[in-house]
Amino acid sequence: MTTSAPLILAFDTSAAHCAAALLSGDKLLAHAHEPMAKGQAERLMPLVAEVLAMAGAALSDLDAIGVGVGPGNFTGIRISVSAARGLALALGIPAVGVSTLEALAHALPRPLCVIEDARRDAVYVQNFDATAAHAPLLLSPGDLAACIGARAITGSGVAVAQSMIAGLHVLPPALPLAEAIARIAAQRWNDPALPRPAPLYLRPPDAAAARERGPVMLPA
C-alpha cells in the first residue's frame, strides 16, 4: 500500500469487546468492533489482519500503533498492551498508549465528564475541562454528584449517573472507540519523548501476593 499520510493502526480489548481501526491521515480506512466477554487474546491478531486486509494494507506499511491502555478489564488491557509493544518492537515503529476515557471524550465539547462502569458498585470517572484533563478516578456511585459538577456526561456509566442525579446533559461518544484511539495516536506518534504504552490500572488486581515466605535456598 502506498500513501503519503501516516498509517496508524489502533486496537483495544479493555472491556467486553475486540476493536480495531486503521487511519491514514484524517481518513478512516477500516474499522471493526466485536462484542465478546472472553476470547480477545485469540481474536485480536486475526481481527487486526482483517482490518488491514479491508484497506489493502500490511503490517509493514504501518507508521505507528495506538492502543487502549484502560482503565478496564485487567486481563484485556494486558492483551492489547502486550500486542502493541510486541508489534512496535518487531516493526521498528512507535506505539502510543491512549486512555480509553480520553478516547471516549475525543471530539466532544468540553467541559465533559466521562463515566465508565467499573463493576462491583464502582465507576471510572475523568473530568475534561476546556484546556486540561483531570486525573482519572475510581469512585463509588455516591461520590458522582460532587465530581460531575456542571459538566455534560458520556460513557457506559451514564445510566448510573442519571439514576442518582437529575437533569444531566448526556452526550453519546463522537467516534467508535478504536477510531478515537487511532486519531489521538496520530497526533502523538512522532513525539521522540513518547513513553511505551503501559496499562492504566485504577483498581488493584484480584490476585494478591502470597503472604507466606518461600523456602530458604541454601548455598551449594
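All figures in this text were calculated on a predicted structure; none of them were measured in a lab.

(A) Fine view of the pairing of strand S5 (residues 95-98). Sheet analysis places strand S4 (residues 64-68) next to S5, joined by four bridges and oriented parallel. Each residue of the ladder has a partner; that of Val67, found in S5, is Gly97. Between the parallel elements S4 and S5, the chain passes through helix H2 (residues 74-91) in a crossover that is right-handed.

(B) Inspection of the packing of helix H1 (residues 40-54) against H2 at higher detail. Interhelical geometry of H1 versus H2 gives an angle of 40 degrees and a closest axis separation of 10 Å. The pairing of H1 with H2 is recorded here as oblique in orientation. Judged by the sense of rotation from one axis to the other, the crossing of H1 with H2 is right-handed. Side by side, H1 and H2 meet where Gln40, Ala41, Leu44 and Met45 of the first sit next to Ile79, Ser80, Ala83 and Leu87 of the second. Residues belonging to the contact of H1 with H2 are distributed by class as follows: six nonpolar, two polar and no charged.

(C) Local environment of the environment of Arg110. Structurally, the position occupied by Arg110 is in the loop between helix H3 (100-105) and strand S6 (112-117). A relative accessible area of 35% means that Arg110 is categorised as partly exposed. Along the backbone, Arg110 and Arg151 are 41 residues apart, and their C-alpha atoms lie at a distance of 7.6 Å. Beyond its immediate stretch of four places on either side in the chain, Arg110 contacts Ala105, Phe128, Asp129 and Ala130.

Conventions used here
- Residues numbered from 1 in each chain as written.
- Predicted model: local features only at pLDDT ≥ 70, side-chain atom pairs only at ≥ 80, totals over all residues.
- Heavy atoms only, no water.
- Pairing = 2+ DSSP bridges.
- Helix = DSSP H or I, 4+ residues; strand = E, 2+ residues; numbered from the N terminus.
- Right-handed = clockwise from strand over helix to strand, strands pointing away.
- Axes fitted to C-alpha atoms, helices over the stretch in contact; angles between N-to-C directions.
- Parallel < 35°, antiparallel > 145°, perpendicular 65-115°, else oblique.
- Left-handed = near helix turned anticlockwise from the far one by under 90°.
- Contact = heavy atoms within 4.5 Å.
- Nonpolar A, V, L, I, M, F, W, Y, C, P; charged D, E, K, R; others polar.
- Buried < 20%, exposed > 50% of the residue type's maximum accessible area, 1.4 Å probe, protein only.

None of the figures reported here should be taken as evidence of function without further support.
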